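Examination of the molecular architecture
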Amino acid sequence: MAQQIAELIEQLPEHLQAEVRDFVEFLLHRYRLTTPPAKMKLGWAGGLREFRDKFTSVELQHQSLQWWDKEVTDVAEHTDVL
């Protein structure tokens, strides 16, 4: 199907090819707005159970942010991202 559409588009003048591109972008945008988001997976639930006696929920939030920040920083140092 994609090959057939590409062959048809190639037969059009450039200005009409641009219109086809614009229309496809419009369709993609409309599709994204009407497609419901995927349901959130809860595979992580209970993943921090071992820390429940060490931290309150607020402390655990702060600690997890520190762990995440350290991991991001470590990765950035090795990939020249920052």
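Just above sits the structure.
Since we're looking at a predicted model, the values are computed, not measured.

1. With respect to the overall build of the protein chain
Within the protein chain, the secondary structure is distributed over three helices and zero strands. When its helices and strands are written in sequence order, the protein chain yields α-α-α. On C-alpha atoms alone, the protein chain measures out to a radius of gyration of 24 Å, which is more than a quarter above the 12 Å that the 2.2 N^0.38 rule sets for 82 residues. For the protein chain, the C-alpha atoms occupy an extent of roughly 70 × 35 × 20 Å along the three principal directions.

2. Points about the pattern of salt bridges
According to the stated counting rule, one finds two salt bridges in the structure shown. Note that Asp 22 and Arg 21 form a salt bridge whose closest N and O atoms lie 3.5 Å from each other. Using a relative accessible area of 42% as the deciding quantity, one classes Asp 22 as partly exposed. Here Arg 21 falls in the partly exposed class, since its relative accessible area comes to 47%.

3. Some words on the environment of Phe 55
In this structure, Phe 55 sits in the loop between helix 2 (14-34) and helix 3 (57-79). Taking relative accessible area as the criterion, Phe 55 reaches 25% and is therefore assigned partly exposed. Sequence separation between Phe 55 and Trp 68 is 13 residues; the distance between their C-alpha atoms is 16 Å. Non-local contacts of Phe 55, meaning those with residues more than four positions away in its chain, are made with Leu 60 and Gln 63.

What counts, and at which threshold
- Residues numbered from 1 in each chain as written.
- Predicted model: local features only at pLDDT ≥ 70, side-chain atom pairs only at ≥ 80, totals over all residues.
- Heavy atoms only, no water.
- Helix = DSSP H or I, 4+ residues; strand = E, 2+ residues; numbered from the N terminus.
- Rg over C-alpha atoms; globule rule 2.2 N^0.38 Å.
- Salt bridge = Lys/Arg side-chain N within 4 Å of Asp/Glu carboxyl O.
- Buried < 20%, exposed > 50% of the residue type's maximum accessible area, 1.4 Å probe, protein only.
- Contact = heavy atoms within 4.5 Å.

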